[in-house]
Protein chains: 2
Amino acid sequence: MIYVVGLGPGKKDQMTKRALDTLDKCDVIIGYKAYIDLIKDCYDDKKELVSSPMKGETSRCHMALERALNGDTVAIVSSGDPGVYGMAGIMLEIAQGKTEVEIVPGMTAACTAAAILGAPLMHDFAIISLSDLLTPWELIEKRLTLAGEADFIVCLYNPASHGRPDHLRKAVEILLQSKSPETPAGWVKNAGRDGEEYGVTTLDKIADEPINMFTTVIIGNSTTKIQNGKMLTPRGYKI
Amino acid sequence: MIYVVGLGPGKKDQMTKRALDTLDKCDVIIGYKAYIDLIKDCYDDKKELVSSPMKGETSRCHMALERALNGDTVAIVSSGDPGVYGMAGIMLEIAQGKTEVEIVPGMTAACTAAAILGAPLMHDFAIISLSDLLTPWELIEKRLTLAGEADFIVCLYNPASHGRPDHLRKAVEILLQSKSPETPAGWVKNAGRDGEEYGVTTLDKIADEPINMFTTVIIGNSTTKIQNGKMLTPRGYKI
């Protein structure tokens, strides 16, 4: 049996009780080192914890499958929700029905960041990753263009990294074709973790903010406003 | 002080510890009757619980503000994540900075439903509500059209109700202009609650499934497949 467990933003109090209970009953917990570090204070002496390096996604899943087929109850952990750009899919692909796989969802970065920024996601929205490691950049540009035309609120995952410092600036240029430069835009770095920072600005200035790979960016729709320093997309109620 | 607290799908074990701890420290918990019912077993004797009728969103927030200005620590609860089509926005609008408002996010239906259906949300996706109570239907149609053209995975909230039994069928017709009829499509009713049901089918057949207002629908992108009865959108890893 394999559980793919979402840790949420990282601190134990932002995990669900279901996720905590699931980890409790597993024989071994496997994850990228940074994620194992997030939970090791809870389990270090009692549990077998297996850290694996970044980009070791497939080997982690093969290891989990092997352990499960040997009779262990196994958890694969990742931050946020494993069902959103996470480990859920690759684990199901590798397991191929040879063992049961249960996905235990966690708080995804869009929701964690939105709560910090105010209430930007009160209406239809799109989540787009700016990482072109596994996706052609042309497809990312097309999705940005159409999301802008649809007046979606847009939440950007992986807005920047050392390998692609200009992706956010390019994304902003595309969104400016359909969204006003004054559209409220916010960012949250290390959401829900130590070192949390955030800022609220406008679309034309968001690319100048201190945004890195641990940041989530949310850009409003045509009705989003800034009120008391928070982003707020009205749902449409008469108040 | 007002906390807007997400209950997630409804059962206590799918709330975060942060949400549970927040409710514990509040003097009064205000919510739509069905949501208060979900938590009343945890608190009935110890807490003041205030149920309010459906569509009473604004009066609930005015009541919360009044209580907070009188010195109480107040929680407004809603299912899922109050930051996604939820109470976070209207509470901030009504509070207007007169008291501190903190949003405590919960698991939103997209993530809860995705985990039950497999791993459909492994790539860029759009969340669209089919409710036209507060949104012109023409705008919903435009967003569906562009989301289809962008090859987003599409997650539909409020896919049906008594007042709008044909909305899902119309949405499917629009998505079929850009998505294959064979595109995997799944639905989850009462996700994470008593009476949970789900099904996996294809886009051309999804409108024939037993879908009501307590259902979330997820329609894949051009790479989504069905494997061992689960929806799976590959992220692009070589396995």
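All names here are of chain B. One pass over the full model with this rule turns up four aromatic pairs over all chains. A ring pair is formed by Tyr85 and Tyr157, whose centres lie 5.4 Å apart and whose planes are at 50°; its orientation type is tilted. Highlighted residues: Tyr85 in the loop between strand S4 (74-78) and helix H4 (87-95) and Tyr157 in strand S8 (residues 153-157), separated in sequence by 72 residues. You'll find Tyr85 and Tyr157 in the same group, each marked buried.

Moving on, we come to the pairing of strand S7 (residues 125-129) of chain B. With respect to burial, S7(B) is a largely interior element, five of its five residues being buried. With three bridges connecting them, strand S7 (residues 125-129) of chain A and S7(B) associate as antiparallel partners. Directly across from A:Phe125, in S7(B), lies its bridge partner B:Ile127. In terms of strand pairing, S7(B) meets S8(B) through five bridges, oriented parallel. Counted as the bridge partner of B:Ser129 is B:Tyr157 from S8(B). The parallel pair S7(B) and S8(B) is bridged by helix H6 (residues 137-149) of chain B, and the resulting crossover is right-handed.

Let us look at the environment of A:Ile211. Residue and element names in this part refer to chain A. Considering the arrangement of structural elements, one finds Ile211 in the loop between strand S10 (197-202) and strand S11 (215-219). Between the C-alpha atoms of Ile211 and Asn221, which are ten residues apart in sequence, the distance is 21 Å. Apart from residues lying up to four places away in sequence, Ile211 is in contact with Pro159, Ala160, Leu168, Trp187, Ile206 and Val217.

On to a nonpolar patch on the surface. All names here are of chain A. Taken together, the side chains of Met54, Met213 and Phe214 present a nonpolar region at the surface, about 300 Å² in accessible area. With respect to the secondary-structure elements, Met213 resides in the loop between S10 and S11. A relative accessible area of 36% places Met213 in the partly exposed class.

Their axes nearest at 9 Å, the elements helix H6 (residues 137-149) of chain A and H6(B) cross at an angle of 180°. Classified by the interaxial angle, the pair formed by H6(A) and H6(B) is roughly antiparallel. Residues A:Lys142, A:Leu146 and A:Glu149 of H6(A) lie in contact with H6(B), whose contacting residues are B:Lys142, B:Leu146 and B:Glu149. Partitioning the contact of H6(A) with H6(B) into residue classes produces two nonpolar, no polar and four charged.

Moving on to helix H5 (residues 109-117) of chain A. Residues and elements named next belong to chain A. Of all nine residues that make up H5, eight are buried, and the element is covered over most of its length. Inspection of H5 places Ala110, Cys111, Thr112, Ala113, Ala114, Ala115, Ile116 and Leu117 among the buried residues, and these make up the whole buried set. Looking one or two residues beyond H5, the residue adopting positive phi is Gly118, at roughly 130°.

This paragraph deals with unusual backbone geometry. Located in the positive-phi region is A:Asn228, a residue other than glycine, with phi close to 50°. You can see A:Asn228 is positioned in the loop between strand S12 (225-227) and strand S13 (230-232). A positive phi angle, close to 50°, is found at B:Asn158, a residue other than glycine. As for its position among the elements, B:Asn158 is in the loop between S8 and helix H7 (167-175).

Each partner contributes to the interface: chain B provides 63 residues, whereas chain A provides 63 residues. Both sides together, the interface formed by chain B and chain A hides about 5900 Å², and carbon and sulfur atoms give 62% of it. Among the residues chain B hides against chain A, the three largest losses belong to B:Glu93, B:Arg143 and B:Tyr237. Together they make up 12% of the total. On the surface where chain B and chain A come into contact, there are six salt bridges. Residue B:Arg143 is joined to A:Asp151 by a salt bridge in which the shortest nitrogen-to-oxygen separation is 3.8 Å. On the surface where chain B and chain A come into contact, there are 31 residue pairs in polar contact (both at pLDDT 80 or more). For the side of chain B that touches chain A, the secondary structure elements donating two or more residues are helix H1 (17-24), helix H3 (57-69), H4, helix H5 (109-117), strand S6 (118-119), S7, H6 and strand S12 (225-227) of chain B. Tallying contributions element by element places H4(B) first for the side of chain B that touches chain A, with six residues. Looking at side-chain class alone, the side of chain B that touches chain A contains 29 nonpolar, 20 polar and 14 charged residues.

Attention now goes to the relation of the copies chain B and chain A. It takes a turn of 180° to lay chain B on chain A, together with a shift of 0.0 Å along the axis; the resulting RMSD is 0.0 Å. Taken together, the turn and the small shift mark the pair as related by a two-fold rotation axis. Same-surface contact between copies: 100% of interface residues of chain B are shared with the interface of chain A.

To continue, consider helix H3 (residues 57-69) of chain A. Residues spaced three or four apart along an α-helix face the same direction, because each turn holds 3.6 residues. Residue and element names in this part refer to chain A. With 13 residues, H3 should cover 18 Å at 1.5 Å per step; its first-to-last C-alpha distance of 19 Å lies within 8% of that length. Those residues of H3 lying buried are Glu57, Arg60, Cys61, Ala64, Leu65 and Ala68. One side of H3 holds all its buried residues, which, seen down the axis, span an arc of 135°. Against the buried residues of H3 lie strand S1 (2-6), strand S2 (28-32), strand S3 (48-52), strand S4 (74-78) and helix H4 (87-95). Gly71 lies just past H3 and shows a positive phi near 105°.

Criteria and cut-off values
Residues numbered from 1 in each chain as written. Chains lettered and ligands numbered in written order. Predicted model: local features only at pLDDT ≥ 70, side-chain atom pairs only at ≥ 80, totals over all residues. Heavy atoms only, no water. Phe/Tyr/Trp six-rings, centres within 6.5 Å; stacked < 30°, edge-to-face > 60°. Helix = DSSP H or I, 4+ residues; strand = E, 2+ residues; numbered from the N terminus. Buried < 20%, exposed > 50% of the residue type's maximum accessible area, 1.4 Å probe, protein only. Pairing = 2+ DSSP bridges. Right-handed = clockwise from strand over helix to strand, strands pointing away. Contact = heavy atoms within 4.5 Å. Patch = residues over 30% accessible without salt bridge, like charges linked within 9 Å, V, L, I, M, F, W, Y side chains within 5 Å. Areas by Shrake-Rupley, 256 points an atom, 1.4 Å probe, with all protein chains shown as cover. Salt bridge = Lys/Arg side-chain N within 4 Å of Asp/Glu carboxyl O. Axes fitted to C-alpha atoms, helices over the stretch in contact; angles between N-to-C directions. Parallel < 35°, antiparallel > 145°, perpendicular 65-115°, else oblique. Nonpolar A, V, L, I, M, F, W, Y, C, P; charged D, E, K, R; others polar. Buried area = accessible area lost by both parts, 1.4 Å probe. Polar contact = N/O pair within 3.5 Å; in protein donor to acceptor, adjacent residues only side chain to side chain. Least-squares fit on C-alpha atoms with pLDDT ≥ 70 in both. Expected span 1.5 Å × (residues − 1). Arc of directions from axis to C-beta.

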